[in-house]
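Spelled out from the first residue to the last, the chains are:
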Amino acid sequence: MEHFSALPIFVTVVECGSFSAAGQKLGLSKSAISKRITLLEQHLGIQLLQRTTRSLSLTDAGARYFEYVRPAVLLTQEGLDAISELQQTPRGNLRVSVPMVFGRLYIAPLIAEFLRRYPDIQLQMQMDDKTTDLIAGGFDLAIRIGELPDSSLIARKLAPCLSVICASPSYLALHGLPATPTVLTQHNCLFYSYFQDGVEWTFHSPEGAQRIQPKGNYQVNNSDAIHQATLDGLGIANLPRFMVDADLQAGLLQALLADHPLPEHGIYAVYPQRKYLPTKVTVLIEFLMEKLGSSKFG
């Protein structure tokens, strides 16, 4: 009967596409994953996975086996979720993905209080600006900012979030003050690689939405780095106000194009669609709503 415990591992390996990704999701080493799959294959007397140094693929037998066992594994997880939903005391591992800067400024300071309130939860928080695949990464919940793409994820809005076009006084002294969004095409604009709206910046104006494609010589996948480059006078940036409010008030940065505001975005808690939502996830969402729900970041 021991081979039954390897079925979730086998399904995870197939879904993730590699032993290492599956190990990260399950909290196991790559060697432990490989050993469990090998034991499962020995028990069944047939090879399930074709392994090479660069790829992993299902054999014909593996594909047929996966087709049968995956629904069973999902049904088992649904059963665990159903039991968890009834737990009076939230408990268990809780994996959360949050944006780097927002997580550092607003989520991390709340964690001690959350874990004191729910001491039976083991929280694993990953801080990363990259949009993570929740299912492949084994995350229960993620915090995301901006326009959400269409997906099967469930989203709960925690708070609104405003952004601002800004630059340092030193940059503006050298290059002038842009009077309209169109003039930005003549300036050095700094790009955040993971900006969900793509390369366009959208402005509201009396004539309606105005979109431009700014150009610049610096692109980076970390908003802290964009913030610092803006402070250093490298160019003009599109940044959330929660990052730059103190700099605006201190005169280190200047807000631009006040007559052409940027769209209001949201801060969301997102999670995979499930028939039963585990109590550990519910209490975290409610906690974040309690702490952030009355805020307007901007």
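Residues numbered from 1 in each chain as written. Predicted model: local features only at pLDDT ≥ 70, side-chain atom pairs only at ≥ 80, totals over all residues. Heavy atoms only, no water.

All told, the structure shown has 10 salt bridges when counted by the stated rule. Close ionic contact of Arg 70 with Glu 15 constitutes a salt bridge, the shortest N to O distance being 2.7 Å. Note that Arg 70 is positioned in helix H4 (residues 60-85) and Glu 15 in helix H1 (residues 7-16), a separation of 55 residues in sequence. Among the ionic pairs, Glu 113 bridges to Arg 117, the shortest N-O distance being 3.2 Å. Taken together, the residues Glu 113 and Arg 117, both in helix H5 (residues 100-117) and four residues apart, mark about one turn of the helix. If you follow the salt bridges from partner to partner, you end up with Glu 113, Arg 117, Glu 290 and Lys 291 in one network. (Salt bridge = Lys/Arg side-chain N within 4 Å of Asp/Glu carboxyl O. Helix = DSSP H or I, 4+ residues; strand = E, 2+ residues; numbered from the N terminus.)

Checked against the element boundaries, Asn 188 lands in the loop between helix H7 (169-175) and strand S8 (190-192). Residue classification places Asn 188 among the buried residues on the basis of a relative accessible area of 19%. In the structure, Asn 188 is positioned 49 residues away from Ala 237 in sequence and 8.9 Å away in space, judged by C-alpha atoms. Excluding its chain neighbours within four sequence positions, the residues that come into contact with Asn 188 are Tyr 171, Lys 215, Gly 216, Asn 217, Leu 234, Gly 235 and Ile 236. In this structure the side chain of Asn 188 is engaged in a polar contact, spanning 2.9 Å, whose partner is the side chain of Asn 217. Polar contacts involving the side chain of Asn 188 include one to the main-chain carbonyl oxygen of Leu 234, which spans 3.0 Å. (Buried < 20%, exposed > 50% of the residue type's maximum accessible area, 1.4 Å probe, protein only. Contact = heavy atoms within 4.5 Å. Polar contact = N/O pair within 3.5 Å; in protein donor to acceptor, adjacent residues only side chain to side chain.)

Moving on to the sheet that holds strand S5 (residues 141-145). The strand order across the open sheet formed by five strands is S4-S3-S5-S14-S6, and the pairing between neighbours is mixed. The sheet terminates laterally at strand S4 (121-127) and strand S6 (154-161), the two strands that pair on one side only. Looking at each pair of strands side by side, their axes are set apart by 20° on average, direction ignored. With two bridges joining them, strand S3 (residues 92-98) and S5 adopt parallel strand pairing. In the strand pairing of S5, Ser 97 is matched with Ala 142. Those strands touched by H5 are S3, S4, S5 and strand S14 (265-271), and its axis lies near 170° from that of S4. (Pairing = 2+ DSSP bridges. Axes fitted to C-alpha atoms, helices over the stretch in contact; angles between N-to-C directions.)

With that out of the way, let us pick up the nonpolar core. A general tendency of soluble globular proteins is for nonpolar side chains to be buried together. By size, the foremost hydrophobic cluster in this structure holds 39 residues, and its most contacted members are Phe 114, Leu 141, Ile 143 and Leu 288. At seven residues, the largest contribution of residues to this core is made by helix H10 (residues 279-292). With near-sequence residues (within four places) excluded, Leu 288 lies in contact with Ile 107, Leu 110, Ile 143, Leu 158 and Gly 293. Core analysis: the next-biggest nonpolar cluster, separate from the first, contains 18 residues, Val 11, Phe 19, Ala 22 and Tyr 65 among them. (Core = buried A, V, L, I, M, F, W, Y, C linked by side-chain atoms within 4.5 Å.)

This part covers the packing of aromatic side chains. A complete count under the given rule lists eight aromatic pairs for this structure. Between the aromatic rings of Phe 191 and Trp 201, the centroid separation amounts to 6.3 Å while the plane-to-plane angle is 40°, which identifies the pairing as tilted. With a gap of 10 residues between them, Phe 191 in strand S8 and Trp 201 in strand S9 (residues 201-205) connect regions that are remote in the sequence. Residue Phe 191 shares its accessibility class with Trp 201, and that shared class is buried. In this arrangement the basic side chain of Arg 95 is found over the ring face of Phe 139, its NZ or CZ atom lying 4.4 Å from the centre. (Phe/Tyr/Trp six-rings, centres within 6.5 Å; stacked < 30°, edge-to-face > 60°. Lys NZ or Arg CZ within 6 Å of the ring centre and 35° of its normal.)

As a further point, take the pairing of strand S12 (residues 237-240). Here S12 shows two buried faces, one formed by Ala 237 and Leu 239 and the other by Asn 238 and Pro 240. Note: strand S7 (residues 163-167) against S12, four bridges, orientation antiparallel. Counterpart to Ile 165 in the pairing with S12 is Asn 238.

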